[in-house]
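# Structure at a glance
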Amino acid sequence: MMQRNQLGDGKVPKSTPITDDYEISSRILGLGLNGKVVQCIHRRTSDKFALKVLHDNPKSRREVELHWRASGCRHIVAIRDVYENTYAGANCLLVVMDCMEGGELFQRIQDRQDSPFTEREAAQIMHEICIAVHHLHSMNIAHRDLKPENLLYSAPMPLGVLKLTDFGFAKETSIKDTLQTPCYTPYYVAPE
């Protein structure tokens, strides 16, 4: 049985207040089903990061554990720190990740309505997605929520690297029958 404060692979969240290391901004970077993402700034380096706030429960711990394990890939948003703190009176996991200042692939698709992606651009996007998925599959992890909103660019065009994020539906595939439960984003699910 895993210790309460351990996330797997020997990774242990910090129990010190996150505000010792980061200044938390009120600037909201994104909203997800499992929590909001705000900007934070490292006090020592002044580097910008994204902070995802999750209620501390087994589902959130699995999300953080799988994401943290997968963070070594260039095309997956890296987790830098994880804290167990109380936030707004509730036990929370505070996940500090790279700040993806280039925005969502979804927004780039919408912005290009009048000038669609070239075949070369689309091939490059698919190549980067496949690198991330291959990395996950080599670790026996299924993301299960690939969609343009979960693909973020590290910087504005043309320098941004496309990276996968949001491991809320992710599962480890080495466990029997682990992928039997349906999960999907309604807009993207196939009709059957």
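Presented here is an overview of the structure given in this document. Numbers given to residues run from 1 along each chain, matching the order in which its sequence is written. Per-residue local features of the predicted model are confined to residues with pLDDT of at least 70, and side-chain atom pairs are confined, for both listing and counting, to 80 or more; whole-chain, interface and lining totals are unaffected and use all residues. Side-chain calculation: all heavy atoms of the structure are included, whereas hydrogens and water are not.

## What about the packing of aromatic side chains?
A pair of Phe, Tyr and Trp rings is counted when the ring centres sit within 6.5 Å of each other, with Trp represented by its six-membered ring. The angle between the planes then sorts it: under 30 degrees is stacked, over 60 is edge-to-face, the rest tilted. Using the criterion set out here, one finds 2 aromatic pairs in the structure. Consider the rings of Y22 and F49, whose centres lie 5.9 Å apart with planes at 90°: the pair is edge-to-face. With Y22 in strand β1 (residues 22-31) and F49 in strand β3 (residues 48-55), the pair connects residues that are 27 residues apart, well separated along the chain. In this pair, the class of Y22 matches that of F49, namely buried. With a centroid separation of 6.2 Å and an interplanar angle of 90°, the aromatic rings of Y22 and Y83 are classed as edge-to-face. Pair noted here: Y22 is in strand β1 and Y83 is in strand β4 (residues 79-87), with a separation of 61 residues, a long-range link. Through pairs of rings, three or more aromatic residues link up here, namely Y22, F49 and Y83. Across from the ring centre of Y153, 3.5 Å away, lies the NZ or CZ of R108, which sits over that ring. A cation sits over an aromatic face here: R112 above F117, 4.4 Å from the ring centre. Each helix is a run of H or I in the DSSP string that is no shorter than four residues. Each strand is a run of E no shorter than two, and both are numbered from the N terminus. Relative accessible area decides the class of each residue, using a 1.4 Å probe on protein chains only: under 20% of the type maximum gives buried, over 50% gives exposed, and in between gives partly exposed. Any Lys NZ or Arg CZ found within 6 Å of a ring centre and within 35 degrees of that ring's normal is scored as a charge over the ring.

## Brief notes about the nonpolar core
The term nonpolar core refers to a set of buried residues drawn from Ala, Val, Leu, Ile, Met, Phe, Trp, Tyr and Cys, joined through side-chain atoms within 4.5 Å. Among the nonpolar cores identified, the biggest contains 17 residues, and I76, L136 and L162 are the most heavily contacted of them. Taken together, the elements giving at least two residues each to this core come down to α1 (58-70), α3 (119-138), β8 (151-153) and β9 (162-164). Here this core gets 5 residues from one element, more than from any other, and that element is α3. Segmentation into domains, and thus their bounds, comes from an automatic or database assignment. If you count residues domain by domain, this core takes at least three from each of domain 1 (18-98) and domain 2 (103-172). What makes two residues a contact is simply this: any of their non-hydrogen atoms within 4.5 Å. L136 has contacts with A70, I76, I141, H143, L164 and F167, leaving out every residue within four places of it along the chain.

## Considerations on the environment of K52
Of note, K52 is situated in strand β3. Separated by 43 residues in sequence, K52 and V95 have C-alpha atoms that sit 5.0 Å apart. Those residues in contact with K52 that lie beyond four places of it in its chain are K36, V37, E63, L93, L94, V95, M97 and D166. Pairs of N or O atoms are called polar contacts if they sit within 3.5 Å, as long as, within protein, a hydrogen donor faces a hydrogen acceptor (for residues adjacent in sequence, only side-chain-to-side-chain pairs). There is a polar contact of 2.7 Å between the side chain of K52 and the side chain of E63.

## Looking at unusual backbone geometry
Excluding glycine, residues mostly carry a negative phi; peptide bonds, for their part, are mostly trans. Backbone geometry at R144 places phi at a positive 65°, although glycine is not the residue there. For R144, the location among the structural elements is in the loop between β7 (141-142) and β8. Phi at D166 is positive, roughly 65°, even though this residue is not glycine.

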